[in-house]
Amino acid sequence: MNFRQITAAERPATMFPLQAYAFMPSPWSAEDEEAYRRRMRYFETTTTLIAEEDGQTLAGVAALPMRQNVRGLVHDMAGVASVSSHPMARRRGLVRELLQRLLRQTRDEGCAVSALYPFRPSFYARFGFVGIPRHRTAAFAPEGLAHLLRADLPGEVERLPTSEGFAAWEGLQQQLLTRRHGFAVFDDVRSAEFREDKFWVAVARAGGEVVGAVRYRVDRHGGDLIASDLLCTGSLGRALLLQFFARHVDQVAQVVVRLSTDEVPELWGTDMQVSTRGRVANPTKNAPMVRVLDVEALAGTPVGPGAITIEIPDDELIGGVWRLESAGGALTVAKGDAPSVTLSAAGFSGLVYGVLDPVEVLARGLGEIPPAAVPTLSTMFPREMPYLVADF
Ligand SMILES: CC(C)(COP(=O)(O)OP(=O)(O)OC[C@H]1O[C@@H](n2cnc3c(N)ncnc32)[C@H](O)[C@@H]1OP(=O)(O)O)[C@@H](O)C(=O)NCCC(=O)NCCS
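Before going into details, it helps to say that this report is about the structure given with it. (Residues numbered from 1 in each chain as written. Predicted model: local features only at pLDDT ≥ 70, side-chain atom pairs only at ≥ 80, totals over all residues. Heavy atoms only, no water.)

Comments concerning the overall build of the protein chain
Formally: Only DSSP runs of H or I with at least four residues qualify as helices, and only runs of E with at least two residues qualify as strands; both kinds are numbered from the N terminus onward. Two things to know: the radius of gyration comes from C-alpha atoms, and the globule rule equals 2.2 Å times the number of residues to the power 0.38. In what follows, residue pairs with any heavy atoms lying within 4.5 Å of each other are defined as contacts. Accessible surface area values rest on a Shrake-Rupley calculation with a 1.4 Å probe, where residue burial reflects the displayed protein chains alone. Neither His nor the chain ends is counted toward charge; the positive residues are Lys and Arg and the negative residues Asp and Glu. Here the site of a charge means atom NZ of a Lys, CZ of an Arg, CG of an Asp or CD of a Glu.
Counting its regular elements, the protein chain contains ten helices and 21 strands. The C-alpha atoms of the protein chain give 23 Å as radius of gyration, which agrees with the globular expectation for 392 residues (21 Å, within 12%). Taking the principal axes of the C-alpha coordinates as reference, the protein chain spans close to 65 × 60 × 35 Å. Across the protein chain, contacts joining residues at least 24 apart in sequence account for 73% of those joining residues at least 6 apart. When the accessible surface of the protein chain is summed, it comes to about 17800 Å², and 49% of that surface belongs to carbon and sulfur atoms. Charged side chains in the protein chain number 41 positive and 46 negative. The centres of these two groups are separated by 4 Å.

This is the structure in structure tokens:
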């Protein structure tokens with residue numbers, strides 16, 4: 001078995017048949033293959049690894065170069081995607097070997113963290129990943145926001161085709177990357193593809209600054225206005241975008257919009273009738289998962305007061321004994337001894353990402369935490385829900 005890294009130009013001949021069989025309706029057509037080939041310019045900076053035998057590609061994995069905010073610190077992130085193996089080569093450990101190589105390589109190239117969308121979370125739990133929230137979807141009739149039509153808000157909303165609204169939308173993403181825990185963005189090479197998407201972009205501005213943006217499409221007269229994540233810097237941006245939705249009364253029956261878990265749409269209006277859902281299902285509707293690839297790269301992360309020595313056994317990337325300490329609210333990391341706590345890679349990642357508290361780590365079997373260590377870990381790594389918007 002030969003494991004090697006390939007270029008984007010090699011992907012159509014090697015990765016395409018695996019990916020097409022795994023993720024697309026099949027058999028596929030020559031046009032499907034040609035469409036894949038045309039997209040390869042957006043994968044020039046992607047790290048792709050394959051396993052091949054006798055000239056045939058049997059499995060492949062890829063990592064998109066991304067950046068992610070984790071508790072206020074922005075890291076290089078490996079966005080794992082395109083994980084697939086030939087049906088006749090499955091359960092031979094090929095993807096396990098490729099993923100281990102991929103995570104090691106991207107860590108060595110500077111990625112402190114990794115994220116992915118699993119087909120089955122327990123598969124990636126074996127690789128040290130832990131779940132973070134899936135977006136919620138709110139569906140409501142524009143009438144529920146009618147009161148906003150009369151509101152005189154200090155700002156305006158412009159509706160643009162993607163080609164014209166992309167720069168503002170992307171600028172807001174970059175701004176949110178520095179402000180919002182969990183937020184992640186692609187590099188310029190990968191994100192250039194989204195410039196070609198057939199969406200409207202509603203851009204909310206106040207005082208000349210972009211304070212909100214949402215991409216959307218309308219499926220039909222009397223149908224749905226289907227929006228992606230409601231991105232805003234604060235309540236003015238949100239109110240301006242909701243006011244814009246309200247203007248679609250009698251044009252669409254409902255607005256369907258993606259939200260983070262901390263949005264509470266029933267509070268958007270007095271007569272607000274809304275259905276908010278967070279549906280999770282294998283294999284296509286799973287919540288994302290994340291893991292830490294490099295403990296030392298977490299130095300400087302804003303944390304609560306405290307100090308603790310932890311051991312992460314059996315993890316090739318972050319295994320060892322680590323002294324974690326808050327120095328004036330910023331994490332310091334050093335090699336340690338005499339650990340008081342044992343954590344799996346997933347348990348540690350759950351604490352760092354703020355999705356699990358120490359008792360939940362214990363209850364989930366992701367660590368051994370004596371009661372005396374619970375308050376310190378809870379204070380240093382308080383619960384804080386990440387919001388990953390990028391889909392990959
Ligand atoms: C999922 C997939 C990539 C697994 O590939 P594979 O080459 O069979 O994986 P491996 O043989 O390396 O398996 C690694 C481990 O996961 C286990 N595993 C494999 N498939 C699994 C599944 N569907 N559910 C649970 N565990 C699974 C293996 O038993 C093995 O466990 P071990 O290390 O304890 O022995 C492959 O089945 C596939 O291409 N599926 C369709 C596409 C897909 O869903 N891709 C994932 C997108 S996120």
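Let's talk about the pattern of salt bridges
Keep this limit in mind: When a carboxyl oxygen of Asp or Glu is within 4 Å of a side-chain nitrogen of Lys or Arg, the pair counts as a salt bridge.
Enumeration over the complete set of coordinates arrives at 22 salt bridges. In this structure, Glu34 engages Arg37 in a salt bridge whose closest nitrogen and oxygen atoms are separated by 3.6 Å. Of the two residues, Glu34 and Arg37 are both situated in helix α2 (residues 30-39); the distance of three residues between them amounts to about one turn of the helix. Overlapping salt bridges bring together Glu33, Glu34, Arg37 and Arg38 as one network.

Some details on the site of the ligand
Spelled out, the test is: The near set for a molecule or strand comprises every residue that places at least one heavy atom within 4 Å of it. Within 3.5 Å is the distance limit for a polar contact, defined as a pair of N or O atoms, with the added protein rule that one can donate a hydrogen and the other accept it, and that residues adjacent in sequence qualify only through two side-chain atoms.
In the neighbourhood of the ligand, 18 residues make up the surrounding shell, with Val83, Arg91, Gly93, Arg96 and Arg126 lying closest. The contact in question runs from an oxygen atom of the ligand to an N or O atom on the backbone of Ser85, over 2.8 Å. One nitrogen or oxygen atom from the main chain of Arg92 is found 3.2 Å from an oxygen atom belonging to the ligand. For the ligand, the protein covers 76% of the area, taking 910 Å² as the surface of the free molecule. Mapped onto the shell around the ligand, the elements with two or more residues apiece are α1 (11-23), β4 (73-85), α3 (94-108) and α4 (121-125).

Overview of the environment of Glu266
How we decide: For the exposure calls, accessible area comes from a 1.4 Å probe over protein chains only, and a residue counts as buried if that area is under 20% of its type's maximum, exposed if over 50%, partly exposed in between.
Position of Glu266 relative to the elements: it lies in the loop between β14 (254-259) and β15 (274-277). A relative accessible area of 44% means that Glu266 is categorised as partly exposed. Note: C-alpha distance between Glu266 and Lys198 (68 residues apart in sequence) is 30 Å. Beyond its immediate chain neighbours, meaning those up to four positions away, Glu266 contacts Met272 and Val274.

Let's talk about the packing of aromatic side chains
We apply this condition: Here a pair means two rings of Phe, Tyr or Trp (six-membered ring of Trp) with centres within 6.5 Å. Their orientation is stacked below 30 degrees between planes, edge-to-face above 60, and tilted elsewhere. Only when the NZ atom of a Lys or the CZ atom of an Arg is both within 6 Å of the ring centre and within 35 degrees of the ring normal do we say a charge sits over the ring.
This model, assessed by the stated rule, comprises 15 aromatic pairs. When the ring of Phe166 is compared with that of Trp169, the centres are 5.7 Å apart and the planes differ by 45°; the resulting orientation is tilted. One end of the pair is Phe166 and the other is Trp169, both in helix α5 (residues 162-179) and three residues apart, which spans about a single turn. By the burial criterion, Phe166 is buried, and Trp169 matches it. Stacked on the ring of Trp200, the Lys or Arg Arg159 has its end atom at 4.3 Å from the ring centre. Across the ring face of Trp169, the terminal group of Arg215 is positioned such that the distance to the ring centre comes to 4.4 Å.

Thoughts on the sheet that holds strand β19 (residues 330-335)
Sheets are built from strands that pair by backbone hydrogen bonding, the pairs being arranged parallel or antiparallel. Short version of the rule: DSSP bridges decide pairing: two strands pair if at least two such bridges lie between them.
Ordered in space as β19-β18-β17-β20-β21, the five strands form an open sheet in which the pairing is mixed. Looking along the sheet, the strands with just one partner apiece sit at the ends: β19 and β21 (367-368). Where strand β17 (residues 307-312) lies against strand β20 (residues 341-343), two bridges are found, and the strand directions are parallel. The partner of Glu311 across the bridge, within β20, is Thr342.

Observations regarding empty space enclosed by the protein
Short version of the rule: The pocket and cavity definitions rest on a 1 Å grid over protein atoms only: a 1.4 Å probe that fits but cannot leave marks a cavity, an open set with protein on both sides within 12 Å along at least five of seven lines marks a pocket, and residues lining either have an atom within 4 Å of a point. Grid points are joined across faces, edges and corners, and a volume is the space filled by probe spheres set on the points.
Applying the stated criterion to the full structure yields one cavity of 30 Å³ or more. Taken as a whole, the largest cavity encloses approximately 50 Å³ of empty space. As for the largest cavity, its lining consists of Pro133, Arg134, His135, Leu259, Ser260, Thr261, Pro386, Tyr387 and Leu388.

What about α3?
At 3.6 residues per turn, the α-helix brings residues three or four places apart onto the same side. The criterion, for reference: To estimate how far a helix should extend, the number of its residues minus one is multiplied by 1.5 Å.
Its 15 residues give α3 an end-to-end C-alpha distance of 21 Å, which sits within 8% of 21 Å, the value for a rise of 1.5 Å per residue. Every buried residue of α3 is listed here: Leu94, Val95, Leu98, Leu99, Leu102, Leu103, Thr106 and Arg107. Structurally, α3 contributes buried residues whose contacts are with β1 (2-6), β2 (47-53), β3 (56-70), β4, β5 (113-116) and α4. Backbone geometry just downstream of α3 places Gly110 in the positive-phi region, at approximately 115°.

Here's the deal with the nonpolar core
Our working rule: What we call a nonpolar core is a set of buried Ala, Val, Leu, Ile, Met, Phe, Trp, Tyr and Cys residues that are connected through their side-chain atoms within 4.5 Å.
The biggest cluster of nonpolar side chains holds 96 residues, and the ones touching the most others in it are Ile310, Leu324, Phe348 and Phe381. If you tally residues by element for this core, the top one is β3, at seven residues. Non-local contacts of Phe348, meaning those with residues more than four positions away in its chain, are made with Val292, Val295, Leu298, Ile310, Ile312, Ile318, Leu324 and Leu343. Residues Phe140, Ala202, Ala204 and Leu241 belong to the second largest nonpolar core, which totals 25 residues.

No statement about biological role is implied by the geometric values presented.
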